[in-house]
Amino acid sequence: DVKVTQSSRYLVKRTGEKVFLECVQDMDHENMFWYRQDPGLGLRLIYFSYDVKMKEKGDIPEGYSVSREKKERFSLILESASTNQTSMYLCASSLRSSGAQNGYTFGSGTRLTVV
Amino acid sequence: AQRVTQPEKLLSVFKGAPVELKCNYSYSGSPELFWYVQYSRQRLQLLLRHISRESIKGFTADLNKGETSFHLKKPFAQEEDSAMYYCALRDKSYGNKLVFGAGTILRVKS
């Protein structure tokens, strides 16, 4: 029944490391999103993608990049991890014309700690 | 700019009491609003959307364009309603992305 899968539930990385967070969906959705979830700040959009090889910056893209080589997979990359990137990261997907109909489907999240 | 405001970080009520989780929005256009819920140790999931005018798990939400609000209500709270609730606005001008509020933790006490 799981439709959006994030590869890691917990990650601990060192400052300066390059970090890859992976997300895979099996619903043939065009849109995919990466949010970070922080107490008191809610969900903030990092990057999103309309289609393969397409990417758009969200509200807080600094320090992050993304890759979408296949429709089902959307990767978030922290080029050089810093302690202020310690957070819960949520991946989501939706149909291109969705929102009004089914909203987003979320993954279970990756809790990243940068030490 | 599009914005969603949830003024309460925490709402604590007794079982059987009415619940109202507040949400206000700022949007230059015809808004589409949603409520998402995250129960403990579960993924974030859609609770309801304003265009459907539905009632899910006893919750309802009415869009009030005059007050730019979309408050979530339930007449009688249950312990299993304890969760984090997010109000969200669909930004149709830019990729159909969702803009989320900061969230409200609902605690229902027995």
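Preceding this paragraph is the structure being described.
What counts, and where the lines are drawn
Residues numbered from 1 in each chain as written. Chains lettered and ligands numbered in written order. Predicted model: local features only at pLDDT ≥ 70, side-chain atom pairs only at ≥ 80, totals over all residues. Heavy atoms only, no water. Contact = heavy atoms within 4.5 Å. Buried area = accessible area lost by both parts, 1.4 Å probe. Salt bridge = Lys/Arg side-chain N within 4 Å of Asp/Glu carboxyl O. Polar contact = N/O pair within 3.5 Å; in protein donor to acceptor, adjacent residues only side chain to side chain. Helix = DSSP H or I, 4+ residues; strand = E, 2+ residues; numbered from the N terminus. Nonpolar A, V, L, I, M, F, W, Y, C, P; charged D, E, K, R; others polar. Pairing = 2+ DSSP bridges. Axes fitted to C-alpha atoms, helices over the stretch in contact; angles between N-to-C directions.

Asks: Explain the interface of chain A and chain B to me, using residue names and the numbers behind them.
Replies: At the junction of the two partners, chain A supplies 28 residues and chain B supplies 19 residues. In total, about 1900 Å² of surface goes out of reach between chain A and chain B, with carbon and sulfur atoms giving 51% of it. Counting the contacts that link chain A with chain B gives one salt bridge. Residue B:Lys97 pairs with A:Asp59 through a salt bridge whose shortest N-O separation is 3.5 Å. The tally of links between chain A and chain B comes to eight residue pairs in polar contact (both at pLDDT 80 or more). For the side of chain A that touches chain B, the elements supplying multiple residues, two or more each, are strand 4 (31-38), strand 5 (42-49) and strand 6 (56-57) of chain A. Across the side of chain A that touches chain B, the residue classes break down as 13 nonpolar, 11 polar and four charged.

Asks: Would you mind going over the sheet that holds strand 3 (residues 19-25) of chain A in detail, with residue names and values included?
Replies: All names here are of chain A. With respect to topology, four strands assemble into an open sheet ordered 1-3-8-7, the strand pairing being antiparallel. Either end of the sheet is taken by a strand with one partner, and the two such strands are strand 1 (4-6) and strand 7 (64-70). Between one strand axis and the next, the sheet turns by 20° as a mean value, whatever way the strands run. Inspection of the sheet shows strand 1 paired to strand 3 by three bridges, in the antiparallel sense. Its bridge partner lying in strand 3, Val4 is registered against Gln25.

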